Amino acid sequence: MTEQMNYQTGPAGPAPQYRQPSMLGNLVKAEFRKTTTTGLWWGLMIPTVLIALGWALATGAIGKGLMDVVTSEDAEQLTDLIGISPDQWQVSLFGMARSINVATIFPMIFGGMAISNEIRHRTITTTFLTAPTRVAALGAKMLVYVAWGAIYGLAIVAAVSIGIAITSDVDALPSAGGWLAMAGVGVLSSILMTMFGVGVGALMTSVVGTTVVLLLYMLIIENGLQLVLSTQGLPELIGFLPNGAVNGLTGSVASSLFLSTAGVVPTELEDVLRAIAGALGAFDWWLSGLIFLVWTGLFFLGGWAATQRRDIT
Amino acid sequence: MHDGSGRIVVQGLTKQFGPVTAVQNLSFTVEPGSVTGFLGPNGAGKTTTLRMLLGLVTPTAGTGLINGRPFHQLGNPARVVGAVLEAQGFHAKRSARDHLRVYAAAMGVPDQRADQVLQLVGLGAAGDRKAGGFSLGMKQRLALATALLGDPQVLVLDEPANGLDPEGIAWLRQFLQSYARSGRTVLVSSHLLAEVEQTVDQVVIVSRGQTMYYGPLDNLRQSQRSRVLVQPSDTGALVTALQADGITAIEQVPDGRIAVTGVEAKQVADTALKAGVSIYGIQEEKADLEQLFFQLTNGQYAAPGVAQYPPQQPGGGSGYYAPPPGYQQPGYPPQGYQQQAGSGYYAPPPGYQQGAPQGTPPGTPPGTPPGTPPGGYQQQPPPPGQQQPGQGGFGGGA
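Predicted model only: the values in this text are computed from it and were never measured.

## So, the overall build of chain B
A tally of regular secondary structure across chain B gives 11 helices and 13 strands. Across the 398 residues of chain B, 55% fall into the buried class. In chain B, the proportion of contacts linking residues at least 24 apart, taken out of those at least 6 apart, comes to 70%. Here chain B displays about 15,700 Å² of accessible surface, and carbon together with sulfur accounts for 53% of that area.

Here it is in structure tokens:
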């Protein structure tokens with residue numbers, strides 16, 4: 001009962017300014033344990049890596065096939081004629097961008113489970129009972145899912161890099177600097193996708209609903225919208241849509257890197273290249289990132305506000 | 001920071017879920033050192049009240065304070081109050097030990113504490129099993145273990161006996177009593193008085209979202225006067241004789257007997273002998289606590305004159321369910337029962353309660369049981385208006 005005595009003389013305990021950071025540290029530790037004590041993280045990590053690797057292998061092979069045609073004896077005369085030198089083309093960049101975009105679907109789903117799963121299993125009750133405030137609990141969760149977004153991002157970048165390296169020609173691979181840039185935006189887009197998922201999950205509160213909505217939107221609905229926009233002559237709007245923006249993050253970097261080393265490329269071809277990179281209508285990478293950050297913030301803050309005020313019954 | 005008193009103060013709590021008033025102007029105080037039962041039929045608003053106290057549900061009006069503070073100002077709340085709200089709240093795929101280690105981290109207690117509480121609730125051997133495979137009783141134990149992780153000063157349990165086997169219930173009973181005896185506060189809700197009767201010292205009885213009674217259980221027992229059923233040869237003569245002795249609480253029972261309240265059988269027999277009335281049968285009827293609880297939580301039983309009750313009220317046991325919202329509106333006609341002798345403990349009818357103190361017994365019998373904290377509810381100031389939401393009159397003792 002000596003321990004009990006401590007509580008009863010509690011007011012004389014540590015000063016609040018000392019208590020706050022350690023409390024947040026505790027909550028971050030708790031949130032991290034939540035993610036590591038169930039199988040979800042590796043259950044999603046396996047398909048993430050497989051998809052990233054598979055897409056990288058395939059796109060690398062397609063790129064290689066394409067380059068074999070373009071650099072063949074027959075095509076050389078043509079390329080010489082229009083004044084381009086395809087032997088410098090780092091086509092693997094497009095494959096990397098595409099593969100990263102596809103694989104980040106999984107960290108987004110992982111993020112979507114963050115709050116909806118707690119509501120489903122009703123662990124949210126204990127989570128709120130063991131945190132000083134809901135702001136603190138959700139803040140800790142946000143930090144942990146940023147970290148998980150980065151972990152997934154690193155895994156994706158690693159798998160994509162391995163896949164591309166296996167099937168691409170050495171000439172088609174990006175320079176060290178280019179690779180670093182792709183890795184950077186890859187991790188960044190994975191983090192943002194995760195947070196986007198967290199926000200949608202917090203708003204929807206249903207595990208199945210969140211997963212279905214995220215997948216449907218990212219894989220089907222927005223692609224339909226993009227198709228409509230581009231045929232209506234409004235491709236510049238695509239860059240404002242969530243998927244268009246996040247794809248622009250990697251796609252824009254890929255096409256910029258490509259163009260910077262490709263030598264002379266006719267301007268008409270640039271849009272085609274951006275489309276190949278999955279960044280048609282997208283803005284510069286940083287602007288795309290900012291636009292997607294706004295989307296993420298919108299859903300995340302909306303989900304946060306909803307969770308903050310929700311009656312846990 | 002909180003005042004460390006271990007006191008729970010609920011002041012004028014009200015919760016409106018759309019058109020449904022789940023809790024209406026509920027007020028009570030729970031003191032440390034005793035187990036307090038929070039009783040009421042299903043749908044009386046117990047769970048909503050506890051969740052408002054724990055900051056999970058935002059009240060429409062009123063406050064719930066633990067140690068003089070709202071939940072969100074407790075700092076590290078799980079070190080002050082532990083709660084068992086439902087036998088759920090576990091990720092099906094997470095092991096019991098991992099579940100506890102997650103929340104041990106959140107409240108900043110060492111990981112060994114997880115194993116300690118597992119042992120404490122008798123789940124020592126099941127720590128590595130996934131919570132999804134647990135029986136209801138095991139989940140209840142795990143929920144209790146979670147509540148105990150932070151070694152809290154205040155323990156709040158919502159229907160903790162659900163799913164427990166008799167052995168588990170006996171264990172829980174003993175555990176809660178010893179927890180309270182160490183100077184801590186235990187508030188345990190139940191819809192069955194019998195379930196907690198042997199555990200609790202104090203009770204808060206709610207019905208239709210309102211406090212019907214709060215105070216020591218013993219006072220409630222004493223308030224339930226026994227009555228004597230007599231079959232006299234001459235009813236009129238016996239009634240006259242009893243009235244001459246100053247005994248007026250006499251009723252005619254449908255079977256022809258008369259019921260005399262507040263006296264012992266011996267006294268009635270003596271009076272009858274003096275009056276020269278023969279007694280063909282006499283029987284002392286001690287109403288049990290369960291019946292009293294039933295009366296308190298069912299308006300129609302509390303009123304002897306059933307006709308006084310508004311006709312909308314369906315008969316029978318329907319009072320067990322939450323009434324339609326219209327019932328809880330002010331202006332609910334007062335019932336006859338407040339005129340009854342000895343019924344001073346009952347809260348006045350709803351129309352009456354707006355802003356008035358609830359359940360404050362006028363004149364607590366001297367036999368306040370040991371274990372009642374000094375100044376227990378007698379501290380509650382009887383003048384009306386004192387319990388208005390926002391008044392800080394309760395924290396004063398801390």
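## As for the overall build of chain A
In terms of helices and strands, chain A carries 13 helices and 0 strands. Each helix and strand of chain A, placed in order from N terminus to C terminus, yields the pattern α-α-α-α-α-α-α-α-α-α-α-α-α. Reported as C-alpha extents along the three principal axes, the dimensions of chain A are approximately 90 × 40 × 30 Å. Considering chain A as a whole, with its 313 residues, one finds that 50% of them fall into the buried category. If the 13 positive side-chain charges of chain A are averaged to one point and the 18 negative ones to another, these points end up 29 Å apart.

## Quick look at the interface of chain A and chain B
The parts lose accessible area when they come together, and the size of an interface is often stated as this lost area. With 36 residues of chain A at the contact, the number on the chain B side is 45 residues. Asp-311 of chain A is paired through a salt bridge with Lys-15 of chain B; the nearest N and O atoms lie 2.8 Å apart. Between chain A and chain B we count 16 residue pairs in polar contact (both at pLDDT 80 or more) in total. Among the elements of the structure, helix H1 (2-8), helix H2 (16-36), helix H6 (105-120) and helix H7 (123-129) of chain A are those that each provide at least two residues to the side of chain A that touches chain B. The biggest single contributor to the side of chain A that touches chain B is H2 of chain A, with 8 residues. Looking at the side of chain A that touches chain B residue by residue, the class counts come to 11 nonpolar, 14 polar and 11 charged.

## Some points on unusual backbone geometry
Trans peptide bonds make up the majority, and among non-glycine residues the majority have a negative phi. Unlike most non-glycine residues, Thr-205 of chain A shows phi in positive territory, near 65°. Relative to the assigned elements, Thr-205 of chain A resides in the loop between helix H9 (176-204) and helix H10 (207-231). Owing to a relative accessible area of 24%, Thr-205 of chain A belongs among the partly exposed residues under this scheme. We note that Asn-67 of chain B has phi near 50°; this positive angle belongs to a residue other than glycine. Tracing the chain through its elements places Asn-67 of chain B in the loop between strand E4 (61-66) and strand E5 (81-84).

## Examining the sheet that holds E5 of chain B
Paired through their backbone hydrogen bonds, the strands of a sheet run either parallel or antiparallel. Residue and element names in this part refer to chain B. Reading across the sheet, the 6 strands line up as E5-E6-E7-E3-E8-E9 and stay open at both edges, with mixed pairing between neighbours. Sheet topology places E5 and strand E9 (210-216) at the edges, where each strand pairs with a single neighbour. Averaged over neighbouring strand pairs, the angle between their axes works out to 15° when direction is ignored. Here strand E3 (residues 35-39) runs beside strand E8 (residues 202-207); their pairing, made up of 4 bridges, is parallel. If you follow Thr-36 over to E8, its bridge partner there is Gln-202. In this fold helix H10 (residues 289-297) packs onto E3, E8 and E9, with an angle of close to 40° to the strand it touches most, E8.

## Looking at the pattern of salt bridges
Between side chains of opposite charge, a pair can form as their charged atoms come close. A complete count under the given rule lists 18 salt bridges over all chains for this structure. Where Arg-33 of chain A meets Asp-111 of chain B, a salt bridge forms, and the shortest distance between an N and an O atom there is 2.7 Å. Remark: Asp-111 of chain B occurs in the loop between helix H2 (96-107) and helix H3 (112-120) and Arg-33 of chain A occurs in helix H2; the pair is interchain, linking two chains. The partner of Lys-46 of chain B in a salt bridge is Glu-159 of chain B, with the nearest N and O atoms 3.9 Å apart. Note that Lys-46 of chain B is positioned in helix H1 (residues 46-53) and Glu-159 of chain B in the loop between strand E6 (154-158) and helix H5 (166-181), a separation of 113 residues in sequence. One continuous salt-bridge network, built from bridges that share partners, spans Glu-31, Lys-34, Glu-118 and Lys-141 of chain A.

## So, the confidence of the model for chain A
Within chain A, residue pLDDT values average 86, and 90% of them lie at 70 or more. This stretch, residues 1-21 of chain A, has a pLDDT under 50; its non-local contacts, to residues over four places away or in other chains, come to 18 contacts.

## A closer look at the UniProt feature "transmembrane region" (unreviewed entry) in chain A
All names here are of chain A. Here the UniProt-annotated "transmembrane region" (unreviewed entry) positions come out as residues 39-58, 96-115, 143-166, 172-193, 200-220 and 285-306. As annotated, residues 96-115 comprises 95% helix and 0% strand, and the C-alpha atoms at either end are separated by 31 Å. Secondary structure across residues 200-220 comprises 90% helix and 0% strand; the distance between its end C-alpha atoms is 17 Å.

## A look at the packing of aromatic side chains
Counted according to the given criterion, the structure contains 15 aromatic pairs over all chains. Aromatic side chains Trp-295 of chain A and Phe-299 of chain A sit 6.4 Å apart centroid to centroid with 20° between the ring planes, which places their arrangement in the stacked category. On the criterion of helical spacing, the pair formed by Trp-295 of chain A and Phe-299 of chain A is a turn pair, its members being 4 residues apart in helix H13 (residues 285-309). Judged by its relative accessible area of 26%, Phe-299 of chain A is partly exposed. Taken together, the aromatic side chains of Phe-32, Trp-41, Phe-110, Tyr-145, Trp-148 and Tyr-152 of chain A make up a single cluster linked through ring pairs. Positioned above the aromatic ring of Tyr-179 of chain B is the side chain of Arg-184 of chain B, whose terminal nitrogen or guanidinium carbon lies 4.4 Å from the ring centre.

## Quick notes on H2 of chain B
Residues and elements named next belong to chain B. Taking 1.5 Å as the rise per residue, H2 with 12 residues should run 16 Å; its terminal C-alpha atoms sit 17 Å apart, in good agreement. The element H2 is largely enclosed, with a buried count of 9 among its 12 residues. Restricting attention to buried positions, one finds in H2 the residues Ala-96, His-99, Leu-100, Val-102, Tyr-103, Ala-104, Ala-105, Ala-106 and Met-107.

## Some remarks on a negative patch on the surface
Together, Glu-73, Asp-74, Glu-76, Asp-87 and Asp-171 of chain A give the surface a local cluster of negative charge. Relative to the helices and strands, Asp-87 of chain A resides in the loop between helix H4 (73-82) and helix H5 (92-103).

## Concerning the packing of helix H11 (residues 242-261) of chain A against helix H12 (residues 267-276) of chain A
All names here are of chain A. Interaxial distance between H11 and H12 falls to 9 Å at its minimum, and their mutual angle equals 135°. Considered as vectors, H11 and H12 are oriented oblique to each other. The two elements H11 and H12 meet at a crossing, and its hand is right-handed. In contact with Ser-252, Ser-255, Phe-258 and Leu-259 of H11, H12 contributes Glu-270, Leu-273 and Arg-274. For the contact of H11 with H12, a count of residues per class yields 3 nonpolar, 2 polar and 2 charged.

Thresholds, definitions, all that
- Residues numbered from 1 in each chain as written.
- Chains lettered and ligands numbered in written order.
- Predicted model: local features only at pLDDT ≥ 70, side-chain atom pairs only at ≥ 80, totals over all residues.
- Heavy atoms only, no water.
- Helix = DSSP H or I, 4+ residues; strand = E, 2+ residues; numbered from the N terminus.
- Buried < 20%, exposed > 50% of the residue type's maximum accessible area, 1.4 Å probe, protein only.
- Contact = heavy atoms within 4.5 Å.
- Areas by Shrake-Rupley, 256 points an atom, 1.4 Å probe, with all protein chains shown as cover.
- Lys, Arg positive; Asp, Glu negative; His and termini not counted.
- Charge placed at Lys NZ, Arg CZ, Asp CG, Glu CD.
- Salt bridge = Lys/Arg side-chain N within 4 Å of Asp/Glu carboxyl O.
- Polar contact = N/O pair within 3.5 Å; in protein donor to acceptor, adjacent residues only side chain to side chain.
- Nonpolar A, V, L, I, M, F, W, Y, C, P; charged D, E, K, R; others polar.
- Pairing = 2+ DSSP bridges.
- Axes fitted to C-alpha atoms, helices over the stretch in contact; angles between N-to-C directions.
- pLDDT = per-residue confidence, 0-100.
- UniProt positions renumbered as here; feature names shortened; annotations may be inferred.
- Phe/Tyr/Trp six-rings, centres within 6.5 Å; stacked < 30°, edge-to-face > 60°.
- Lys NZ or Arg CZ within 6 Å of the ring centre and 35° of its normal.
- Expected span 1.5 Å × (residues − 1).
- Patch = residues over 30% accessible without salt bridge, like charges linked within 9 Å, V, L, I, M, F, W, Y side chains within 5 Å.
- Parallel < 35°, antiparallel > 145°, perpendicular 65-115°, else oblique.
- Left-handed = near helix turned anticlockwise from the far one by under 90°.

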